[in-house]
Amino acid sequence: MLNSSEEQSYWYLRLNGFFIISNLVIHKSKEVEYTSDADLIALRMPFVFEEIGGKPDDWDAELFKNFNPKALIAIVCQVKGGAIGDKPLFREPYLSYSIKRIGLTSNIDSVIEQLNKSAIASFKNDLGQDCQIAKLLITRDQPTKDINYLWFSLDHIYSFIRERIKKYPKEKYRDRNFFSSIGLQTLIEVNEIDSKKETK
């Protein structure tokens, strides 16, 4: 089950064209000392399209300025609704487990080597396809330490979702009950109420 911050982050990625696994269980093994989970793992194909909300000007430019639009894109995302804490983020055994689960390449060591130094690993996979894998942290407050991952605030996430709803208010309101999230349905309904107030 996703908490509120994770759920909003899920919908942010979903509305940017990603397919998502939430709360991927990372089993204890030879490489993994303790059982854990990955909050969100997201995969995006290069030719995503939907008539409603799935066109190039619907995507978050702040996110996609980091990526090659023609690449297969994967994101390993950690979400912190409270304090970030002192534990290291994106620890190698857990990151490696997640990348193996994503399945874009068999050359895990090379990807990990890049991700140890930067937020994004870019490579051609075993089939010759352009791929990118990124580490993304979503938190309430900006990290104070030096970071080698992408970072977005929860405020940015919320703003993007609200603006997407405002962009397609009729369609989103009409279809709100088909979304599997009570939180998202509520945001859509609140937008409809606010819109009616503004027109009075």
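Now for a quick tour of the structure. (Residues numbered from 1 in each chain as written. Predicted model: local features only at pLDDT ≥ 70, side-chain atom pairs only at ≥ 80, totals over all residues. Heavy atoms only, no water.)

**Points about the pattern of salt bridges**
Okay, step 1: Scanning the entire structure with this criterion turns up nine salt bridges.
Okay, step 2: Of the charged contacts in the structure, one is a salt bridge between Asp58 and Lys167, with a shortest N-O distance of 2.6 Å. One end of the pair, Asp58, is in the loop between strand 2 (36-44) and helix 2 (61-64); the other, Lys167, is in helix 5 (residues 154-167), with 109 residues separating them in the sequence. (Salt bridge = Lys/Arg side-chain N within 4 Å of Asp/Glu carboxyl O. Helix = DSSP H or I, 4+ residues; strand = E, 2+ residues; numbered from the N terminus.)

**Topic: the pairing of strand 4 (residues 120-124)**
Okay, step 1: Of the pairings in the sheet, the one linking strand 4 to strand 5 (residues 130-139) comprises five bridges and is antiparallel in character. Paired with Ile120 across the bridge in strand 5 is Ala134.
Okay, step 2: Connecting strand 4 to the antiparallel partner strand 5 that follows it, the hairpin turn spans five residues, and Gly128 within it adopts a positive phi of roughly 85°. (Pairing = 2+ DSSP bridges.)

**Section: unusual backbone geometry**
Okay, step 1: For Asn23, which is not a glycine, the phi torsion comes out positive at approximately 50°.
Okay, step 2: Structurally, Asn23 can be placed in strand 1 (residues 19-26).
Okay, step 3: Despite not being glycine, Phe90 has its phi angle at roughly 55°, a positive value.
Okay, step 4: Within the fold, Phe90 resides in the loop between strand 3 (72-80) and helix 3 (92-102).
Okay, step 5: A relative accessible area of 10% means that Phe90 is categorised as buried. (Buried < 20%, exposed > 50% of the residue type's maximum accessible area, 1.4 Å probe, protein only.)

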